[in-house]
Amino acid sequence: WQANLMWCGIGLGSYFVARFWGRLADRHGHRPILLICVALKPVIVIVFLLVSQPWGPFILSVAFFLDSMVNAGYFIASNGYTLKMAPRENRAMFVDATLALSDIAGGLAAIAGGALLRHTEHVSWQLGTHTWINYHFVFALSLVARLGCIPMAAAIREPTSSDTAIVLAHVRGIWPL
């Protein structure tokens, strides 16, 4: 039931904000939405690094709900930007190649993470009162990779988009949470 609770949170989070992100992207452009969402993506990894029993299932359910809100904005912004910037000729091939490259990178990362977990399965270390294991190491690597994506997202150019600070001010004024 705990895993089902978490999966429900994932579906509900994106359901509640997809229209909001879409309208925001239509009004301000895809780049600021993409930058906001990429900057918020490391939060879920921090939750995984710090969560522990007995509150783990509840905290993860809330975290997945909020992360799926960020994912909805990320997918709207990244797909919208890709479609907008794709050349008119061979647009479908350009979009397919972009998505395929992303999926290949994600698959290779999952394989590398699994191999790293297998080779370090008996590794653990004590830091304060917390025992860190190989999963924590993989999540720490994920955190570094996600943080490294923020400057890359900031380098994306969309001349007609609003400044990210303007979008954040707009969101702060209307965000329901």
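Residues numbered from 1 in each chain as written. Predicted model: local features only at pLDDT ≥ 70, side-chain atom pairs only at ≥ 80, totals over all residues. Heavy atoms only, no water.

(A) Main features of the overall build of the protein. When you go through the protein residue by residue, the secondary structure sums to seven helices and two strands. Its helices and strands in sequence order give the protein the pattern α-α-α-α-α-β-β-α-α, from N to C terminus. Along the first, second and third principal axes, the C-alpha atoms of the protein reach 50 × 35 × 30 Å. For the protein, the proportion of its 177 residues judged to be buried stands at 33%. A sequence separation of at least 24 residues applies to 74% of the contacts in the protein between residues at least 6 apart. As displayed, the protein offers around 11400 Å² of accessible surface, 69% of which is attributable to carbon and sulfur atoms. One finds the centroid of the 12 positive side-chain charges in the protein at a distance of 8 Å from the centroid of its 8 negative side-chain charges. (Helix = DSSP H or I, 4+ residues; strand = E, 2+ residues; numbered from the N terminus. Buried < 20%, exposed > 50% of the residue type's maximum accessible area, 1.4 Å probe, protein only. Contact = heavy atoms within 4.5 Å. Areas by Shrake-Rupley, 256 points an atom, 1.4 Å probe, with all protein chains shown as cover. Lys, Arg positive; Asp, Glu negative; His and termini not counted. Charge placed at Lys NZ, Arg CZ, Asp CG, Glu CD.)

(B) Expanded view of the pattern of salt bridges. Per the stated rule, a full pass over the model turns up two salt bridges. Lys41 serves as the salt-bridge partner of Asp67, at 2.8 Å between the closest nitrogen and oxygen. Taken together, the residues span a long stretch of sequence, with Asp67 in helix α4 (residues 56-85) and Lys41 in the loop between α2 (30-40) and α3 (42-50) at a distance of 26 residues. Note on accessibility: Asp67 and Lys41 belong to one class, buried. (Salt bridge = Lys/Arg side-chain N within 4 Å of Asp/Glu carboxyl O.)

(C) How the structure looks around the environment of Ser14. By secondary structure assignment, the location of Ser14 is in helix α1 (residues 2-28). The partly exposed category is assigned to Ser14, whose relative accessible area is 25%. Sequence spacing of Ser14 and Gly73 is 59 residues, and the spatial spacing of their C-alpha atoms is 8.3 Å. Those residues in contact with Ser14, other than ones at most four positions away along the chain, are Ser68, Met69 and Ala72.

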